[in-house]
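# Examining the three-dimensional arrangement
Residues per chain, in single letters:
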Amino acid sequence: MAKARLTFADIGVTVTVPAGTRIIEVSEKVGAGIAYGCRESDCGTCLTEVVAGMEHLSEPSTFERATLAAKKAGPNIRLACQTLVLGDAVIKPGG
C-alpha cells in the first residue's frame, strides 16, 4: 500500500499514513487539534491551510467546493474532513 507523509506545521509533527487517509483522521490521532463541527451541523469548522503539497491531495468534491465557496475560503484552503492525503503535504489548521 502506498504511503504519504503529512506534516502539521503548527505543532511540528510529521506522520506517515496510508495514501487515501482523511486529514481529520490523522489530526485526531496525533492531537493536532483541527476543530470540526460535523457532528453538530456546523460544517466548515475544519478549514485547513495547505502550506505545501496541494497536488498530493484529493480533488475537492462538489460538496467541498460549495462549502469552501460559502465560507469564502482562499485557494489553499481545504476541509480536513473531506480531503484525502495521497502524497506528501504540509498543513496547518485554520483558514
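Before reading further, recall that the structure is shown in the block above.
Below is a short write-up of the structure. (Residues numbered from 1 in each chain as written. Predicted model: local features only at pLDDT ≥ 70, side-chain atom pairs only at ≥ 80, totals over all residues. Heavy atoms only, no water.)

Glancing now at the nonpolar core. Residues Leu6, Phe8, Ile23, Ile34, Val85 and Ile91 are the most contacted members of the largest nonpolar core, which totals 22 residues. At the level of elements, strand E1 (3-8), strand E2 (13-18), helix H1 (23-30), strand E4 (47-52), strand E5 (77-79) and strand E7 (89-93) are the ones that each hand at least two residues to this core. (Core = buried A, V, L, I, M, F, W, Y, C linked by side-chain atoms within 4.5 Å. Buried < 20%, exposed > 50% of the residue type's maximum accessible area, 1.4 Å probe, protein only. Helix = DSSP H or I, 4+ residues; strand = E, 2+ residues; numbered from the N terminus.)

Of note, the phi angle at Lys72 is positive, near 55°, even though the residue is not glycine. Among the secondary structure elements, Lys72 is positioned in the loop between helix H2 (62-70) and E5. Assessed through its relative accessible area of 75%, Lys72 is described here as exposed.

The subject of this paragraph is H1. Looking at H1, one finds that the buried residues are Ile23, Ile24, Val26 and Ser27. What you see down the axis of H1 is that its buried residues fit within an arc of 160°, all on one side. If you follow the buried residues of H1, they end up packed against E1, E2, strand E3 (21-22), strand E6 (84-85) and E7. Just downstream of H1, Gly31 is the residue with a positive phi angle, here 70°. (Arc of directions from axis to C-beta. Contact = heavy atoms within 4.5 Å.)

With respect to the helices and strands, the residue Ser27 is situated in helix H1. Not counting chain neighbours up to four residues away, the residues in contact with Ser27 comprise Phe8, Ala32, Gly33 and Ile34.

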